[in-house]
Amino acid sequence: MTDVLVLHGPNLNLLGQREPQVYGHETLADIDAALARAAVEAGVGLESFQSNSESELVGRVQRAPADGVGFIVINPAAFTHTSVALRDALAAVAALVDVPLAAGERLPNKWAMYDLIRRGTVQLVQPETTRLGGITE
């Protein structure tokens, strides 16, 4: 039985290499190791799963109840903005926390940020103010 399932979306396998000035130098293996230590300390089972494939993530979410998963923590990465299929699969599970590293750093204007917030797809918006016309836009 896995108490907690941690899902990592596309390109998170490149953490530490890809744009470290934005995402930091910590690798996905570092994050998973820290999560595993915390799970042992808390006495809960933990499984981490990363995929660059939307269908693999949806399939893992759909199998979660049969595997006894009680809670899902997810950073869907780019699928935060584009995957209705992943969102629908997640809506079918009881407990979920969406944990993005950041969002908004590639948005072309402030109105796109509002859409992310309105849809409830992110809890943290990190706009690149130099691309959006500065912090007073």
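Criteria and thresholds
- Residues numbered from 1 in each chain as written.
- Predicted model: local features only at pLDDT ≥ 70, side-chain atom pairs only at ≥ 80, totals over all residues.
- Heavy atoms only, no water.
- Helix = DSSP H or I, 4+ residues; strand = E, 2+ residues; numbered from the N terminus.
- Buried < 20%, exposed > 50% of the residue type's maximum accessible area, 1.4 Å probe, protein only.
- Contact = heavy atoms within 4.5 Å.
- Areas by Shrake-Rupley, 256 points an atom, 1.4 Å probe, with all protein chains shown as cover.
- Salt bridge = Lys/Arg side-chain N within 4 Å of Asp/Glu carboxyl O.
- Axes fitted to C-alpha atoms, helices over the stretch in contact; angles between N-to-C directions.
- Parallel < 35°, antiparallel > 145°, perpendicular 65-115°, else oblique.
- Nonpolar A, V, L, I, M, F, W, Y, C, P; charged D, E, K, R; others polar.
- Core = buried A, V, L, I, M, F, W, Y, C linked by side-chain atoms within 4.5 Å.
- Expected span 1.5 Å × (residues − 1).

A. How the structure looks around the overall build of the chain. Secondary structure summary: the chain contains 7 helices and 4 strands in total. Helices and strands in the chain line up, N terminus first, as β-α-α-β-α-β-α-α-β-α-α. By residue count, 34% of the 137 residues in the chain fall in the buried class. Once local pairs closer than 6 in sequence are excluded, the contacts in the chain between residues at least 24 apart make up 64%. Element-wise, carbon and sulfur atoms account for 55% of the exposed surface of the chain, whose accessible area totals about 7800 Å².

B. View of the pattern of salt bridges. Scanning the model with the defined rule gives 4 salt bridges in all. In this structure, glutamate 47 and arginine 60 form a salt bridge, with 2.7 Å as the shortest nitrogen-oxygen distance. With glutamate 47 in strand β2 (residues 46-50) and arginine 60 in helix α3 (residues 54-63), this residue pair connects regions lying 13 residues apart in the sequence. On the basis of relative accessible area, glutamate 47 is assigned to the partly exposed category, the value being 24%.

C. Representation of the environment of leucine 35. Take leucine 35: it is sitting in helix α2 (residues 28-42). Along the chain, leucine 35 and glutamate 47 lie 12 residues apart, while their C-alpha atoms are 9.4 Å from each other. Leucine 35 has contacts with Val6 and Leu46, leaving out every residue within four places of it along the chain.

D. Just the side chain of histidine 8, in detail. With respect to the element layout, histidine 8 can be found in strand β1 (residues 4-8). Overall, histidine 8 belongs to the buried group, its relative accessible area being 6%. What histidine 8 contacts, discounting residues up to four positions off in sequence, is Leu28, Ile31, Asp32, Ser48, Phe49, Gln50, Ser51, Leu57 and Asn75.

E. Expanded view of the packing of α3 against helix α5 (residues 84-91). Orientation of α3 relative to α5, taken along the N-to-C sense of each, is 5°, at an axis distance of 9 Å. The orientation of α3 with respect to α5, classified from their angle, is roughly parallel. Residues Glu54, Leu57, Val58, Val61 and Gln62 of α3 lie in contact with α5, whose contacting residues are Ala85, Leu86, Ala89 and Leu90. Residue composition of the contact of α3 with α5, grouped by class: 7 nonpolar, 1 polar and 1 charged.

F. Unusual backbone geometry, seen in detail. Not every positive phi belongs to a glycine, and asparagine 11 is a case in point at roughly 70°. If you trace the backbone, asparagine 11 turns up in the loop between β1 and α1 (20-23). Residues other than glycine seldom take positive phi values, yet alanine 77 does so here, at roughly 55°. Considering the arrangement of structural elements, one finds alanine 77 in the loop between β3 (71-75) and α4 (79-82). The exposure class of alanine 77 is buried, given its relative accessible area of 18%.

G. Fine view of the nonpolar core. With 14 residues, the main nonpolar core has Leu5, Leu7, Val61, Ile72, Ile74, Leu86 and Leu90 as its most contacted residues. For this core, the secondary structure elements donating two or more residues are β1, α3, β3 and α5. Leaving out residues up to four positions away in the same chain, leucine 7 has contacts with Phe49, Leu57, Arg60, Val61, Ile72, Val73, Ile74 and Asn75. With 5 residues, the next largest nonpolar core counts Leu12, Leu15, Tyr23 and Ala77 among its residues.

H. View of α2. A rise of 1.5 Å per residue sets the reference length of α2, with its 15 residues, at 21 Å; its end C-alpha atoms lie 21 Å apart and thus fit the reference within 8%. Directly after α2, the chain includes glycine 43, whose backbone phi takes a positive value near 75°.

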